[in-house]
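Chains, contacts and geometry: an overview
What follows is each chain in one-letter form.
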Amino acid sequence: KVTLLTYELFSKIYIREDFRDLLQDCCLILDESHACKTPSSLKTTACLNFAKYIAKNIILLSGTPALSKPIELFTQLQMIRPDIFPGKINASKFSKRYCDEKIQILRNGQRIVNNTGISNAKELKVILETFCMIRRTKKDLVKLPEKIRTVVTLPTEVSISDREICNELLLKCNQAKSGNKLRM
């Protein structure tokens, strides 16, 4: 049995008990998994919880290289290797070791963590390739046929009767009590 859902729909229904029971011990496959990079977002939270408590296996797919901002990988790593992330390397350690973490102190004394950089990139690459990442390039994949592009020209003329209907609609909208104006 296969169930395909968008991230938005998944984040709304994953909390339903009947849905969870139906998919208990399933294989969760997340396409464009880089969409789960913000730990506080609803879709990331849904995917993390589902991966932790319901799914038996998890496969993350993404064509987007992520090594330029390693912090965006952490939530994905939590899903597929919770024994390491955060098991052995929590978010703070990960940020300090691989994200070139810098603390900025504002004039009012507030501390801000900037972890959008990269450090120890070679080490992180080895960890990813050893424990969780299979990287394929286009040349490694099956040859697909060339794209076929077709230009379709659509008529853009508006008939006199259509123009009259549009003008009548415009007049009615502009006379509406709500004050909304419609421009054409």
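Each value, and the rule that gives it
Residue numbering note: each chain is counted from 1, following its sequence as written. Reporting in this predicted model follows two pLDDT cut-offs: at least 70 for local features of residues, and 80 or more for side-chain atom pairs to be given and counted; totals over whole chains, interfaces and linings ignore these cut-offs and use all residues. Working from all heavy atoms in the structure, the side-chain values ignore hydrogens and water. We place a 1 Å grid over just the protein atoms. Points where a 1.4 Å probe fits but has no way out form a cavity, open points with protein on both sides within 12 Å along at least 5 of 7 lines form a pocket, and any residue with an atom within 4 Å of a point lines it. Grid points are joined across faces, edges and corners, and a volume is the space filled by probe spheres set on the points. Each helix corresponds to a stretch of at least 4 residues labelled H or I by DSSP, and each strand to a stretch of at least 2 residues labelled E; elements are numbered beginning at the N terminus. Gly falls in the polar group here, along with every residue not listed as nonpolar (Ala, Val, Leu, Ile, Met, Phe, Trp, Tyr, Cys, Pro) or charged (Asp, Glu, Lys, Arg). Helix axes are fitted to C-alpha atoms over the stretch in contact, other axes to C-alpha atoms as well, and angles between N-to-C directions run from 0 to 180 degrees. We call two directions roughly parallel when the angle between them is under 35 degrees, roughly antiparallel when it is over 145, roughly perpendicular when it lies between 65 and 115, and oblique otherwise. Whether two residues touch is decided by their heavy atoms; if any such pair falls within 4.5 Å, the residues are in contact. One requirement defines pairing of two strands: DSSP has to find at least two bridges between them. Note on ring pairs: Phe, Tyr and Trp rings are taken, using the six-membered ring of Trp, and paired if centres are within 6.5 Å. Classes follow the plane angle, with under 30 degrees stacked, over 60 edge-to-face and the rest tilted. Between buried and exposed lies partly exposed: a residue is buried under 20% and exposed over 50% of the maximum accessible area for its type, with that area taken using a 1.4 Å probe on protein chains only.

Our focus in this paragraph is the layout of surface pockets. By volume, the largest pocket is sized at about 1,100 Å³. Looking at the largest pocket, it is lined by 33 residues, and the ones nearest its centre are S62, G63, I134, R135 and R136. Of all the secondary-structure elements, those providing two or more residues to the lining of the largest pocket are β2 (57–60), α4 (74–80) and α6 (121–131). In terms of residue class, the lining of the largest pocket is made up of 17 nonpolar, 7 polar and 9 charged. A volume near 480 Å³ is recorded for the second largest pocket. Lining the second largest pocket are 17 residues, with T3, L4, C27, L28 and I29 sitting closest to its centre. Sorting the residues of the lining of the second largest pocket by element identifies α1 (7–13) and β1 (27–30) as the ones contributing at least two each. Among the residues forming the lining of the second largest pocket, the class breakdown is 13 nonpolar, 2 polar and 2 charged.

Turning our attention to unusual backbone geometry. Between F85 and P86 the backbone carries a cis peptide bond, its omega angle lying at 10°. Mapped onto the fold, P86 is located in the loop between α4 and α5 (91–98). The phi dihedral of D25 is positive, around 60°, even though this residue is not glycine. Assignment of secondary structure puts D25 in the loop between α2 (17–22) and β1.

Across the interface, α5 lies against α6 with an axial gap of 9 Å and an inter-helix angle of 130°. In terms of their interaxial angle, α5 and α6 are classed as oblique. For the pair formed by α5 and α6, the contact residues are F94, R97 and Y98 on the first element and E123, L124 and I127 on the second. In terms of residue class, the contact of α5 with α6 is made up of 4 nonpolar, no polar and 2 charged.

Now for the pairing of strand β3 (residues 102–105). As paired strands, β3 and strand β4 (residues 111–114) are joined by 4 bridges and run antiparallel to one another. Its bridge partner lying in β4, Q104 is registered against I112. Here β3 folds back onto β4 in antiparallel fashion, the turn holding 5 residues, of which G109 has a positive phi close to 90°.

Any aromatic ring pair is given by two values, namely how distant the centres are and how the planes are angled relative to each other. One pass over the full model with this rule turns up 8 aromatic pairs. Seen from their ring centres, F10 and F19 are 6.2 Å apart, and the 70° between their planes marks the pair as edge-to-face. Both residues of the pair, F10 and F19, belong to the buried class. One aromatic cluster is present, formed by F10, Y14, F19 and F50 through successive ring pairs.

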